[in-house]
Amino acid sequence: DTLTHIQSIIAEQGCDAWWKLDEVDLLPESYKAEAHKWKKGTDTMDVWFDSGSSWAGVAKGRDELAYPADVYLEGSDQHRGWFQSSLLTSVAANGQAPYKAVLTHGFVLDEKGFKMSKSLGNVISPMMMIEGGNNKKQQPAYGIDPLRLWVASVDYSGDVCIGDNIMKQTFESYRKLRNTARYLIGNLADYVPDGQEGSNAVPYDDLPSLDKWMLGRLSSTLREVNESYDEYQFYRAMQALLRFTSADLSNFYLDVAKDRLYTSAFDDARRRSCQTVLHACLEGLTKAIAPILPHMAEDIWQNIPYDKSTQSVFEGGMNSKLTEFEEYAGEQWDTILELRDDINKVLEIARTDKLVGASLDASVHIYAPEEVKKHLIGFDSDENILHPPVKTNGVDDLRTVLMISQVHLVDSPDDVSESCDDKYTMTSENGVVVGVKNASGNKCGRCWFFDGAVGPSGMLYDDLCPRCSDAVFKWEELSGQKLTPLPEPEATEPVT
């Protein structure tokens, strides 16, 4: 009765009634005669008590939720507020914390680091980032995934900035991920994964060293991503994925893989082993980005060309096998990548002087000290492009991984100087000397490598190297068609 009576008074007169009225006025008629026995409390209850007890009214009071909650998420100012009051009330009542983890974040500032304010006119609406402004050229519609990518890319433990320039940079990262996935999908049209009828996947033990190294890098990245997700370090997860996509995949593996994907015979072991790796990378990356970029991930999954184990990317979780590949020949491939960087620096000088255009226009001479040479000797290429190759498997081959028409390992720095102009030589910190000159031989009309075996030699097509001739022959045999050489361009009269 007393509570119901006080509720009606507060409903009519407001909360101030508690302070204005005496005990006799706050009691119902049946208790007014005993007013002298009652005392009105004037102590203020903690203002955070109501939200601090939400674990009882919300988490514990609803069947679809759990107590203790997995995580409490709020701004860093709540350590002395909601987090503290929740902890005190729950421990007092139940002897345990109401949450398994606490996650705090900073605040969103404008691009210059100022607090957003209507008076300053710097408030940025998430909907404008998603849908764009009235002028789509100045304020383009990025969609929800790029905005989610920005959120996941920043260290939310402190204050974060957002603005047009920041979103443009984030969108470039988004496009990089999307375009990489498109490339992977585009090269898996005739691939049949392991475990399916007619599978053309290559077993791990039969893969070249380059492909095993790539799978090791994939697993290492996915393990880092999973650990980062578990620790709510989303920006670390995105950094790992973007670093893998740009540095390991696009800048190196996919760059050198184009040769065997585009020029090998359709069922060549070099091509199938590469597809095996691309398949693992595609599924691993798609699963890894799904929590952050759900629309892109589902779009990728729906466009995968082979039969999938689930209809949606959000079914089944990550394939554990993709995280179990061991790091492979890391020291050897680090050495090769350093060598590749050195050669590219010299090639850039040669391009500026118009000595060469593409890297395939070049021949490279390399002197390496013994501690470096031991990592290169098993990759020494045949003098000409042979099919099948003799010295290597055609993948773990300096010609292939450096994308240089001819690669010569020489015995001394003087041998490099004698073969190449001093302007196009360089000595690295580890004692490796590289020199660049024009490639010898003729250019293959299909793979564009210069080679001494291209030209009149009794092969099916005189303008192809032996490897491309074999690929064309197999295509003709399979398709029942004949390759028609392009006609020679007609001579034109000089313009006077």
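The shown structure was predicted, so the numbers you read here are calculated from the model rather than taken from an experiment. (Residues numbered from 1 in each chain as written. Predicted model: local features only at pLDDT ≥ 70, side-chain atom pairs only at ≥ 80, totals over all residues. Heavy atoms only, no water.)

1. Section: helix α9 (residues 164-186)
In plain terms, the rule: Runs of H or I in DSSP of at least four residues are treated as helices and runs of E of at least two as strands, each being numbered from the N terminus. Given a helix with a known number of residues, its expected span is that number minus one, times 1.5 Å. Each residue is assigned to one of three classes by its accessible area relative to the maximum for its type, calculated with a 1.4 Å probe on protein chains only: buried under 20%, partly exposed between the two thresholds, exposed over 50%.
The end-to-end C-alpha distance of α9 is 32 Å, a good match for the 33 Å that 23 residues give at a rise of 1.5 Å each. What α9 keeps buried is the set Met167, Thr170, Tyr174, Leu177, Thr180, Ala181, Tyr183, Leu184 and Ile185.

2. Quick word on the nonpolar core
Where we set the bar: The nonpolar core is taken to be a set of buried Ala, Val, Leu, Ile, Met, Phe, Trp, Tyr and Cys residues, with the residues joined through side-chain atoms within 4.5 Å. Residue contacts are counted whenever heavy atoms from the two residues lie within 4.5 Å of one another.
Counting 91 residues, the largest nonpolar core has Leu210, Tyr253, Leu282, Ile343, Ile366 and Leu402 as its most contacted members. The element that contributes the greatest number of residues to this core is helix α11 (residues 234-263), accounting for 13 residues. Among all residues touching leucine 282, those that are not within four sequence positions of it are Ala181, Leu184, Ile185, Leu188, Ile300, Ile304 and Tyr306.

3. So, the pattern of salt bridges
Defined as follows: A pair is scored as a salt bridge if a Lys or Arg side-chain nitrogen falls within 4 Å of a carboxyl oxygen belonging to Asp or Glu.
Using the criterion set out here, one finds 20 salt bridges in the structure. Aspartate 70 is the salt-bridge partner of lysine 100, the closest N and O atoms lying 3.3 Å from each other. Within this pair, whereas lysine 100 is found in the loop between α6 (82-94) and β2 (102-105), its partner aspartate 70 is found in the loop between α5 (54-59) and β1 (72-75), the two being separated by 30 residues in sequence. For the pair lysine 100 and aspartate 70, one class covers both residues: exposed.

4. Re a negative patch on the surface
The cut-off we apply is this: Patches were defined on residues exceeding 30% relative accessible area and lacking a salt bridge, with like-charge contacts within 9 Å and nonpolar side-chain contacts (Val, Leu, Ile, Met, Phe, Trp, Tyr) within 5 Å. For accessible areas, the Shrake-Rupley method is used with a probe of radius 1.4 Å. Any residue's cover is judged against the shown protein chains and nothing else. Only four residue types enter the tally: Lys and Arg on the positive side, Asp and Glu on the negative side, with His and both chain ends excluded. Here the site of a charge means atom NZ of a Lys, CZ of an Arg, CG of an Asp or CD of a Glu.
A cluster of acidic residues, Glu331, Asp334, Glu338 and Asp341, forms a negative patch at the surface. Judged by relative accessible area, glutamate 338 falls into the partly exposed class, the value being 45%.

5. Observations concerning the environment of methionine 318
Within the element layout of this structure, methionine 318 appears in the loop between α13 (294-302) and α14 (330-352). Each C-alpha atom of the pair methionine 318 and alanine 288 lies 7.7 Å from the other, and the pair is 30 residues apart in sequence. Dropping the residues within four chain positions of it, methionine 318 is found in contact with Leu222, Gly284, Lys287, Ala288 and Thr323.

6. Details of α13
Selection criterion: Note that the arc is defined by the directions from the helix axis to the C-beta atoms.
For α13, the set of buried residues is Pro294, Met296, Ala297, Ile300 and Trp301. Buried residues along α13 cover an arc of 165° about the axis, so they all sit on one side. On its buried face, α13 is in contact with α8 (144-153), α9 and α12 (269-289).

7. A short note on the packing of aromatic side chains
To keep things clear, this is the line we draw: Here the aromatic set is Phe, Tyr and Trp, taking the six-membered ring for Trp, and pairing holds for ring centres within 6.5 Å; pairs whose planes are under 30 degrees apart are stacked, those over 60 apart are edge-to-face, and all others are tilted. Geometrically, a charge over a ring is one whose NZ (Lys) or CZ (Arg) sits within 6 Å of the ring centre while staying within 35 degrees of the ring normal.
Counted according to the given criterion, the structure contains 16 aromatic pairs. A centroid spacing of 5.4 Å and a plane angle of 35° characterise the contact between tryptophan 55 and tyrosine 67, whose relative ring orientation is tilted. Taken together, the residues tryptophan 55 in helix α5 and tyrosine 67 in the loop between α5 and β1 connect sequence positions twelve residues apart. Of the two residues examined, tryptophan 55 and tyrosine 67, each falls in the buried class. Within the aromatic cluster, the residues linked to one another by ring pairs are Tyr72, Trp82, Phe83 and Tyr99. Geometry around tyrosine 204 places lysine 212 over its ring, the cationic atom sitting 5.3 Å from the centre.

8. Brief notes about the packing of α9 against α11
So the rule is basically this: Think of each axis as a best-fit line through the C-alpha atoms, taken over the contacting stretch in the case of a helix, with angles from 0 to 180 degrees between the N-to-C directions. Helix crossings get a hand from a simple test, with the near helix turned counterclockwise from the far one by less than a right angle marking a left-handed crossing and a clockwise turn marking a right-handed one.
As a packed pair, α9 and α11 sit with axes 11 Å apart at the nearest point and diverge in direction by 35°. Relative to α11, α9 is oriented so that their crossing is left-handed. Note on element contacts: α11 touches α9 through Met238, Leu242, Thr245, Ser246, Leu249, Ser250, Leu254, Lys258, Leu261 and Tyr262, opposite Ser173, Lys176, Leu177, Thr180, Tyr183 and Leu184.

9. Let's talk about unusual backbone geometry
Omega for the peptide link from tyrosine 67 to proline 68 comes to 0°, which places this bond in the cis form. Tracing the backbone through its elements, the reader meets proline 68 in the loop between α5 and β1. The peptide bond linking histidine 387 to proline 388 adopts the cis configuration, its omega dihedral lying at -5°. Mapped onto the fold, proline 388 is located in the loop between α15 (370-373) and α16 (398-402). With phi around 60°, tyrosine 232 is a residue other than glycine that occupies positive phi space. Structurally, tyrosine 232 can be placed in the loop between α10 (209-230) and α11. The phi dihedral of lysine 354 falls on the positive side, at around 60°, and the residue is not glycine. Overall, lysine 354 belongs to the exposed group, its relative accessible area being 73%.

10. What to know about the pairing of β1
Under the convention used in this document: Strands are labelled as partners when DSSP assigns at least two bridges between them. By the criterion used throughout, a crossover qualifies as right-handed when its path from the first strand across the helix to the second strand runs clockwise, the strands pointing away from the viewer.
Pairing geometry for β1 and β2, over four bridges, is parallel. Bridging from a neighbouring strand, glycine 75 pairs with histidine 105 of β2. The β-α-β motif built from β1, the intervening α6 and the parallel element β2 has right-handed crossover chirality.

11. Focus on the pairing of strand β8 (residues 433-438)
Where strand β5 (residues 362-367) lies against β8, six bridges are found, and the strand directions are antiparallel. Bridge pairing in β8 links valine 364 to valine 436. With antiparallel pairing between neighbouring strands as the criterion, strand β7 (residues 425-427) and β8 make up a hairpin whose turn holds five residues, including glycine 431 at a positive phi of roughly 90°.

12. Some words on the side chain of arginine 271
Within the secondary structure, arginine 271 is located in helix α12. Of the residues examined, arginine 271 reaches a relative accessible area of 13% and is grouped as buried. Look past the residues within four positions of arginine 271 in its chain and what remains in contact with it is Asp190, Arg260, Leu261, Ser264, Ala265 and Phe266.

13. Some remarks on the confidence of the model for the protein chain
Interpretation of the predicted coordinates at a detailed level should be avoided for regions scoring low in pLDDT. The line we're drawing: Known as pLDDT, the predictor's per-residue confidence is scaled from 0 to 100.
In the predicted model, the protein chain carries a mean pLDDT of 92, and the fraction of residues at 70 or more is 96%. Confidence scores differ between elements of the protein chain, with helix α4 (residues 49-52) showing the lowest mean pLDDT of 84 and α10 the highest of 98.

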